[in-house]
Amino acid sequence: MADNLTDLPGVGPSTAEKLIEAGYIDFMKIATATIGELTDIEGISEKAAAKMIMGARELCDLGFKSGADLLNQRKTVWRLSTGSDELNRILNGGLESQSITEFAGVFGSGKTQIAHQACVNLQCEDTIFVDNEWVSDEELANPKAVYIDTEGTFRPERITQMAEALGIDGQKVLDNTFVARAYNSDMQMLFAEKIEELIKSGNNIKLVIVDSLTSTFRNEYTGRGKLAERQQKLGRHMAVLNKLADLHNCIVVITNQVSARPDAFFGVAEQAIGGHIVGHAATFRFFLRKGKGDKRVAKLYDSPHLPDAEAIFRITEKGIHD
Ligand code: ADP
Ligand code: MG
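Residues numbered from 1 in each chain as written. Chains lettered and ligands numbered in written order. Predicted model: local features only at pLDDT ≥ 70, side-chain atom pairs only at ≥ 80, totals over all residues. Heavy atoms only, no water.

(A) How the structure looks around the side chain of Asn 121. Secondary-structure assignment places Asn 121 in helix H7 (residues 111-121). In contact with Asn 121, not counting residues within four places along its chain, are Leu 80, Ser 81, Thr 82, Gly 83, Thr 127, Ile 128 and Leu 166. (Helix = DSSP H or I, 4+ residues; strand = E, 2+ residues; numbered from the N terminus. Contact = heavy atoms within 4.5 Å.)

As structure tokens, then:
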């Protein structure tokens, strides 16, 4: 059942209508909104927005959490194999739920292949790692993926090929993967926001992919003058993705382009696009680079609790593997 927004302080039927129209369909959405987001809606003052948010937070029981609560939430983390044991090993088991994992690299380094493989592996019981003591069976029953494709590189036939290599039904993977082609950053952000509705209507979305996170932003916001606006929008987009990961125990995978580092004399000569906004929001950050033949090198850096490390994997017709 939908939440009755008029239960919030200061919200009458007409404000409720405006909130719903703007996508704030339930208490949780309002509880996790910022004052600035709500005041974007016509007729909502800063003071009113603050009251609504506080009211919604109380109704959703959002507030301080003890370290013990957080530890319990961490116990419901589940992992998805990347396809490569080596890559899984440096990720402490695999792609992690309640986190954002970023793969950055030049064209052809394997970002889109990793994203495709994740959709396939989500439909394969052997590649999902769950602590059954903490995660109920329903949590991962009939899991589905959302693939936001900004570069037009999603290929159903590649999914089928990877599925066959694992001995699973490619059609099942395609049926359980929602693909959204985003032609610009507004569409991209809107698709991410709509995922909440997919979940509300009964789809057990457990994997969210944005491939690539930054290409639309990079094309639309060129030049120094647009940088602040770009970063602000990117920040909002990342916040939506973070919320999905956190509130719905999802795995979020983003891919990213790289740019040359003008200040690098020695050391890393490339950097991921998006600056600190993306850097702070992503929990696990990888650089991918091409090796010999079908080999690729993934370098993990900047993780809050894992050491920097490198893994070598391969991309063949079977998909991602050691
Ligand atoms: P990007 O980092 O630009 O997203 P991709 O993930 O699309 O790069 O990787 C493209 C590379 O993946 C190709 O250059 C090729 O080496 C490999 N690849 C893609 N499809 C196949 C396939 N069906 N069989 C073998 N290798 C493939
Ligand atoms: Mg790609």
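(B) Examining the site of ligand 1 more closely. Neighbouring ligand 1 are 14 residues; Gly 108, Lys 111, Thr 112, Gln 113 and Gln 161 lie closest to it. One nitrogen or oxygen atom from the side chain of Gln 161 is found 3.0 Å from a nitrogen atom belonging to ligand 1. Within the complex, the protein chains bury 66% of what would otherwise be the 580 Å² of accessible surface of ligand 1. Tallied by class, residues from the shell around ligand 1 come to three nonpolar, seven polar and four charged. (Near = heavy atom within 4 Å. Polar contact = N/O pair within 3.5 Å; in protein donor to acceptor, adjacent residues only side chain to side chain. Areas by Shrake-Rupley, 256 points an atom, 1.4 Å probe, with all protein chains shown as cover. Nonpolar A, V, L, I, M, F, W, Y, C, P; charged D, E, K, R; others polar.)

(C) Molecular detail of the UniProt feature "domain: RecA family profile" (unreviewed entry) in the protein chain. Listed under "domain: RecA family profile" (unreviewed entry) in the UniProt record, and renumbered for this structure, are residues 76-258 and 263-322. Strand forms 21% of residues 76-258 and helix 43%; the C-alpha atoms that close the span are 33 Å apart. (UniProt positions renumbered as here; feature names shortened; annotations may be inferred.)

(D) Focus on the UniProt feature "binding site: ATP" (unreviewed entry) in the protein chain. Taking the numbering used here, the UniProt-annotated feature "binding site: ATP" (unreviewed entry) corresponds to Gly 105, Val 106, Phe 107, Gly 108, Ser 109, Gly 110, Lys 111 and Thr 112. Leave out the neighbours within four places in its chain, and Gly 110 touches Leu 288, Arg 296 and Ile 315. Within the secondary structure, Thr 112 sits in helix H7. In this structure Thr 112 comes out as buried when scored by relative accessible area, which is 16%. Apart from the residues lying within four places of it in its own chain, the contact partners of Thr 112 are Tyr 147, Thr 153 and Asp 211. (Buried < 20%, exposed > 50% of the residue type's maximum accessible area, 1.4 Å probe, protein only.)

(E) How the structure looks around the state of the cysteines. According to the stated counting rule, one finds zero disulfides in the structure shown. Of all cysteine sulfurs in the structure, the one in Cys 250 sits closest to Cys 60, which takes part in no disulfide; the separation is 17 Å. This cysteine, Cys 124, is not joined by any disulfide, and Cys 119 carries the nearest cysteine sulfur, 14 Å off. (Disulfide = S-S within 2.5 Å.)

(F) Representation of the pattern of salt bridges in the model. Summed over all chains, the structure comprises eleven salt bridges. In this structure, Arg 79 engages Glu 96 in a salt bridge whose closest nitrogen and oxygen atoms are separated by 2.8 Å. On the criterion of sequence distance, the pair formed by Arg 79 in strand S1 (residues 79-80) and Glu 96 in strand S2 (residues 95-96) is long-range, its members being 17 residues apart. Judged by relative accessible area, which is 1%, Glu 96 ranks as buried. Ionic pairing is found between Asp 186 and Lys 233, a salt bridge with its closest N-O pair at 2.7 Å. Separated by 47 residues along the polypeptide, Asp 186 in helix H10 (residues 185-200) and Lys 233 in helix H12 (residues 227-248) bring together distant segments of the chain. According to the relative accessible area criterion, Lys 233 is buried, its value standing at 12%. If you follow the salt bridges from partner to partner, you end up with Arg 74, Arg 79 and Glu 96 in one network. (Salt bridge = Lys/Arg side-chain N within 4 Å of Asp/Glu carboxyl O.)

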